[in-house]
Amino acid sequence: MIVPQYFARIDDAKRAKAADDLATMSKLIQTYRMDTGQYPGSDEGLQALLSDPGNVNGWKGPYVQGDIPLDPWGNEYLYSTSGDDGFIVMSYGADNAEGGEGHNEDIVHGTG
């Protein structure tokens, strides 16, 4: 009985870590937008937080120290934008597949 509870706590901790990472990245993306007047393009992605994409004015980064972190399951966080309407940064969760339930459920943060 102890083992299932232990693994459930590990899964909960990973989901909490991913949610914290996504909230932090969302704030950094908002800072990027305040500096440049736009969100990073979907093609530039989160790398625009690390290095000047060269096609924006006002970039004051890097906005992240080190590298963009991987999600707690070892996968890259996903980013997309719809331009001025907003952005989404997300993890597909434990199964690394769109959708899912429980610990496999997608974790999404953003404005759009």
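Residues numbered from 1 in each chain as written. Predicted model: local features only at pLDDT ≥ 70, side-chain atom pairs only at ≥ 80, totals over all residues. Heavy atoms only, no water.

K.L.:
Help me understand the sheet that holds strand β3 (residues 107-110) in this model?
P.N.:
Strands pair in a sheet through their backbones, by hydrogen bonds, and they do so in one of two ways: parallel or antiparallel. Across the sheet, three strands lie side by side as β1-β2-β3; this open sheet has antiparallel pairing. Edge positions in the open sheet fall to β1 (78-81) and β3, since each of these has one partner strand only. Strand-to-strand, the axes of this sheet are offset by a mean angle of 20°, without reference to chain direction. Pairing between β1 and strand β2 (residues 87-91): four bridges, direction antiparallel. Across the sheet, Y79 pairs through a bridge with V89, a residue of β2. (Pairing = 2+ DSSP bridges. Helix = DSSP H or I, 4+ residues; strand = E, 2+ residues; numbered from the N terminus. Axes fitted to C-alpha atoms, helices over the stretch in contact; angles between N-to-C directions.)

K.L.:
Just to check I follow, could you spell out the pattern of salt bridges for this structure?
P.N.:
Oppositely charged side chains can form a pair if their charged atoms are brought close together. The full count for this structure, using the stated rule, is one salt bridge. Of the charged contacts, one joins K17 and D21 as a salt bridge, the two residues approaching to 2.6 Å between their closest N and O atoms. Taken together, the residues span about one helical turn, with K17 and D21 both in helix α1 (residues 2-36) at a distance of four residues. A relative accessible area of 43% places K17 in the partly exposed class. When its relative accessible area of 11% is taken as the criterion, D21 is described as buried. (Salt bridge = Lys/Arg side-chain N within 4 Å of Asp/Glu carboxyl O. Buried < 20%, exposed > 50% of the residue type's maximum accessible area, 1.4 Å probe, protein only.)

K.L.:
Would you take a moment to explain the environment of E44 for this structure?
P.N.:
With respect to the helices and strands, E44 occurs in the loop between α1 and β1. Residues E44 and G61 lie 17 residues apart in sequence; the distance between their C-alpha atoms is 14 Å. Ignoring any residue separated from it by four or fewer positions in sequence, one finds E44 in contact with Y32, P53 and N55. Here N55 takes part through its side chain, which lies 2.8 Å from a polar atom of the side chain of E44. (Contact = heavy atoms within 4.5 Å. Polar contact = N/O pair within 3.5 Å; in protein donor to acceptor, adjacent residues only side chain to side chain.)

K.L.:
Help me understand the confidence of the model for the protein, please; the structure alone is not making it clear to me.
P.N.:
Low pLDDT means the predicted atomic positions in that stretch should not be read closely. Here the protein shows a mean pLDDT of 91. Residues at 70 or above account for 92%. Confidence, read as mean pLDDT per element, is least for α1 in the protein (88) and greatest for β2 (97). (pLDDT = per-residue confidence, 0-100.)

K.L.:
Is there a simple way to explain the packing of aromatic side chains in this structure?
P.N.:
Here the distance between the centres and the angle between the planes together describe a pair of aromatic rings. Taken as a whole and assessed by the stated rule, the structure comprises four aromatic pairs. Their ring planes at 25° and their centres at 6.3 Å tell us that Y79 and F87 sit as a pair that is stacked. Take Y79 and F87: they sit in the same class, and that class is buried. What links up through ring pairs into an aromatic cluster is the set Y32, W59 and Y63. (Phe/Tyr/Trp six-rings, centres within 6.5 Å; stacked < 30°, edge-to-face > 60°.)

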